[in-house]
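Reading the structure
The residues making up each chain are set out below.
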Amino acid sequence: MYYMLDMSNNQQDENKKTVTIRGVNRDLYERMVNIARNSGKTVGEVMNQAMMTFLGLAGKVGEKIDEATQKAINVGKAFVEGYNEAGKNIFIVSDLEELRITKNEIIGLGKPVSFRNIKRLILDDIDQQTIDQYIDSIITVDEVVVPSSVNKLLLLQKCKFVKRVVTI
């Protein structure tokens, strides 16, 4: 079934033209015509609105699919990293709202530590050497607070999914 649709109110408008669409379902077309009649609009106006709505939804769906795909990739990477770290001798501290920890506490542990899933991590008197030697990773932490003497670029090498680094 072929339908010629006048997709415009004003033929002089260059953005609107008459188009032919093949394969339009007769029932759907008739329903569209009825909607146009009942609303006092042309079939072209109703079709334009329907297509704009469809394209808007398709764009949103595409964005959500992209977000979900990226999250799945990140979870997969985190899983592989967690699996790889399971064989290491690392102390894991995780799932806290806030943690304030000192250099002596970290050194006193005697092995590398990984901080994970913490909203706010405060490393009070930490220095670069302690970070290099005793902090394995900082993963999924909203805010890391460190002294201004810490090299933030070197610290960031140990960070994944950290939203903010603040100095005190």
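Above this note sits the structure.
Residues numbered from 1 in each chain as written. Predicted model: local features only at pLDDT ≥ 70, side-chain atom pairs only at ≥ 80, totals over all residues. Heavy atoms only, no water.

Brief notes about the overall build of the protein chain
Across its full length, the protein chain carries five helices and seven strands. The burial tally for the protein chain puts 27% of its 168 residues in the buried class. Long-range pairs, those at least 24 residues apart, make up 25% of the contacts in the protein chain between residues at least 6 apart in sequence. About 11500 Å² of surface is accessible on the protein chain, with carbon and sulfur atoms providing 54% of the total. (Helix = DSSP H or I, 4+ residues; strand = E, 2+ residues; numbered from the N terminus. Buried < 20%, exposed > 50% of the residue type's maximum accessible area, 1.4 Å probe, protein only. Contact = heavy atoms within 4.5 Å. Areas by Shrake-Rupley, 256 points an atom, 1.4 Å probe, with all protein chains shown as cover.)

Focus: the nonpolar core
Judged by nonpolar contacts, the single largest core of 20 residues is most densely connected at Ile-106, Phe-115, Leu-121, Leu-123, Ile-135 and Ile-138. Residue assignment for this core shows that the elements contributing at least two residues are strand S3 (91–101), strand S4 (113–123), helix H4 (128–134) and strand S5 (135–146). Counting seven residues, the second largest nonpolar core, distinct from the first, contains Tyr-29, Met-32, Ala-36 and Val-43. (Core = buried A, V, L, I, M, F, W, Y, C linked by side-chain atoms within 4.5 Å.)

Quick look at the pairing of S5
Within S5, nine of the twelve residues are buried, which leaves it mostly tucked inside the rest of the structure. Summarising the sheet, S5 and strand S6 (residues 159–160) pair through two bridges and their orientation is parallel. Within S6, the position partnered with Ile-138 by the bridge is Cys-159. One ladder, built from four bridges, connects S5 with strand S7 (residues 164–167); its direction is parallel. Residue pairing for S7: Val-144 is matched across the bridge by Val-165. (Pairing = 2+ DSSP bridges.)

Focus: unusual backbone geometry
Unlike most non-glycine residues, Asp-95 shows phi in positive territory, near 60°. Summarising the element assignment, Asp-95 is placed in strand S3. In this model, Thr-140 sits at a positive phi of 55°, which is unusual for a non-glycine residue. Position of Thr-140 relative to the elements: it lies in strand S5. A relative accessible area of 38% places Thr-140 in the partly exposed class.

Comments concerning the environment of Ser-94
Relative to the helices and strands, Ser-94 is located in strand S3. Taking relative accessible area as the criterion, Ser-94 reaches 30% and is therefore assigned partly exposed. In this structure, the C-alpha to C-alpha distance between Ser-94 and Thr-140, residues 46 residues apart in sequence, is 9.5 Å. Aside from chain neighbours lying at most four places away, what touches Ser-94 is Arg-116 and Asn-117.

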